[in-house]
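Chain and residue survey
Letter by letter, the chains look like this.
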Amino acid sequence: MLKPKTPFFGNRRINQRKATPEGFSGMNEHTDILISVITPTLNSGRFIEQNLRSVQGQDFRQTEHIIVDGGSTDDTIGIVRSVGRGCAVLSGPDRGISDAINKGIRTAKGRIIGILHSDDYYAHGVLSDVASAYAGSDYDFILHGDLRIFDDTKSLRRKPYPVPRLLFYFDLPFFHPSVFVPRRIYEAVGLYDLSYTLAMDFDFLLRAMLEGCTFRYLPRIVAHFRLGGAANRNPLQCHREVLRSQLSHGLNPSVCRLCYLSKVGVNRLKSLFGSVP
């Protein structure tokens with residue numbers, strides 16, 4: 001069962017625990033665990049091969065990789081067909097990233113589901129650690145870890161923020177490419193809201209927190225996140241969607257608007273002086 005809702009700023013609180021690292025050593029014996037990885041694509045030929053190989057190269061074999069393509073006109077599908085051994089491919093028009101992810105979730109057979117966008121890739125051995133974290137559990141928590149953020153000029157490791165229940169007022173305290181969600185939590189919380197084009201991950205995880213979901217931290221780099229995606233290119237739109245989600249789910253309006261204005265100010269400073277993301 002999911003944990004009951006608990007107070008947070010007079011309303012609800014997030015439950016945050018660490019998934020202990022002991023015993024994380026390529027646990028292929030977890031034959032009852034299937035991990036589904038969903039990758040939405042659209043003209044992703046430049047980076048999709050690295051994405052595919054990062055899933056294929058895992059030492060945990062009980063995986064399925066679902067490619068949800070929105071109608072690519074480049075060589076994306078050709079690369080998937082030639083490199084993506086055993087990948088399931090769903091191809092056709094969709095209503096955006098949220099719709100593509102939802103199609104993948106509905107198709108997935110795994111008890112654990114990860115979302116890996118086409119220009120990102122998993123760290124080696126991470127799916128074994130994910131399987132170990134869930135082994136023997138009731139699949140009643142969301143797992144998340146560290147993220148390596150990089151582009152052609154810089155690379156840094158990002159850890160989740162230390163006070164996640166407060167950070168939901170400012171931004172997403174976890175990194176979506178590092179998140180794994182059991183199917184039963186999607187069944188309880190719902191899928192991604194199609195009205196969000198950039199902040200669908202924030203909205204889903206906020207809803208999960210408000211439903212009392214437990215979050216556990218996996219102390220390692222889970223995925224490599226390539227800068228330059230849609231949210232990086234459109235930060236103000238992303239901030240506006242985060243604010244809309246916060247207000248629609250009952251967070252304190254004054255605090256939310258103050259945080260929104262501070263983020264807009266920071267983005268303006270970045271545009272003037274530049275900074276590491």
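Residues numbered from 1 in each chain as written. Predicted model: local features only at pLDDT ≥ 70, side-chain atom pairs only at ≥ 80, totals over all residues. Heavy atoms only, no water.

What about the overall build of the protein chain?
Quick reminder of the rule: Numbering goes from the N terminus for both helices and strands, where a helix is a DSSP run of H or I of at least four residues and a strand is a run of E of at least two. Only protein chains enter the accessibility calculation, which uses a 1.4 Å probe; a residue whose area is less than 20% of its type maximum is buried, one above 50% is exposed, and one in between is partly exposed. The contact definition used throughout considers only heavy atoms, calling two residues in contact when any of these lie within 4.5 Å. Per-residue and other accessible areas were derived by the Shrake-Rupley procedure at a 1.4 Å probe size, with only the shown protein chains allowed to occlude residues.
Assigned secondary structure in the protein chain consists of 10 helices and 10 strands. Counting across all 277 residues of the protein chain, residues that qualify as buried make up 52%. Partitioning the intrachain contacts of the protein chain with sequence separation of at least 6 by distance along the chain shows that 78% fall at a separation of at least 24. A total of about 12,600 Å² of accessible surface is found on the protein chain, and carbon and sulfur atoms cover 53% of it.

Comments concerning helix α4 (residues 126-134)
The element α4 is extensively covered by neighbouring structure, given that 9 of its 9 residues are classed as buried. Of all the positions in α4, only Val126, Leu127, Ser128, Asp129, Val130, Ala131, Ser132, Ala133 and Tyr134 are classed as buried. Following α4 by one or two positions, glycine 136 adopts a phi angle in the positive range, close to 75°.

A word on the packing of helix α7 (residues 200-210) against helix α9 (residues 235-248)
Quick reminder of the rule: Between the N-to-C directions of two axes lies an angle of 0 to 180 degrees, each axis being a line fitted to C-alpha atoms and, for a helix, fitted only over the stretch in contact. Geometric relationships in this document are graded by angle, where less than 35 degrees denotes roughly parallel, more than 145 denotes roughly antiparallel, 65 to 115 denotes roughly perpendicular, and other angles denote oblique. Handedness of each helix crossing follows the sense of rotation of the near helix against the far helix: counterclockwise by less than a right angle gives left-handed, clockwise gives right-handed.
Two elements in contact, α7 and α9, have axes separated by 9 Å at closest approach and are oriented at 20°. Classified by the angle between their axes, α7 and α9 sit roughly parallel to one another. The interaxial crossing formed by α7 with α9 has right-handed handedness. Only Val242, Ser245 and Gln246 of α9 make contact with α7, whose side of the interface consists of Phe202, Asp203 and Leu206.

Topic: the pairing of strand β10 (residues 214-226)
Basically, it comes down to this: Only strands that DSSP links by at least two bridges are regarded as paired with each other.
The element β10 is largely enclosed, with a buried count of 11 among its 13 residues. Looking at chain direction, strand β6 (residues 121-122) and β10 are connected through 2 bridges and run antiparallel. Each bridged residue has a counterpart across the sheet, and for tyrosine 121 the counterpart in β10 is histidine 224. As defined by bridge partners, strand β7 (residues 141-150) adjoins β10 across 10 bridges and the pair is classed as parallel.

Details of the nonpolar core
Across soluble globular proteins, nonpolar side chains have a tendency to be buried as a group. Rule in force here: Only buried residues count toward a nonpolar core, which is a set of Ala, Val, Leu, Ile, Met, Phe, Trp, Tyr and Cys residues joined through side-chain atoms within 4.5 Å.
Judged by nonpolar contacts, the single largest core of 41 residues is most densely connected at Ile142, Phe168, Tyr186, Tyr192, Leu205 and Phe215. Going through the elements one at a time, β3 (63-69), α3 (97-107), β5 (112-115), α6 (183-189), α7, α9 and α10 (253-273) are the ones with two or more residues in this core. Of all the elements, α7 adds the most residues to this core, at 8 residues. Counting residues in each nonpolar core, the second largest holds 25 residues, with Leu127, Tyr139, Leu147 and Phe180 among its members.

Here we look at a nonpolar patch on the surface
Inclusion rule: Only residues whose relative accessible area exceeds 30% and that form no salt bridge enter a patch; like-charged residues are grouped when within 9 Å of one another, and nonpolar side chains (Val, Leu, Ile, Met, Phe, Trp, Tyr) when within 5 Å. Here, a salt bridge means any Lys or Arg side-chain nitrogen found within 4 Å of an Asp or Glu carboxyl oxygen.
A surface patch of nonpolar side chains, about 390 Å² in accessible area, is lined by Leu269, Leu272 and Phe273. With respect to the helices and strands, phenylalanine 273 occurs in helix α10. By relative accessible area, which is 67% here, phenylalanine 273 ends up exposed.

Observations regarding the side chain of serine 98
By the secondary structure assignment, serine 98 is in helix α3. In contact with serine 98, other than residues within four places in its own chain, are Tyr192, Asp193, Leu194, Tyr196 and Met200.

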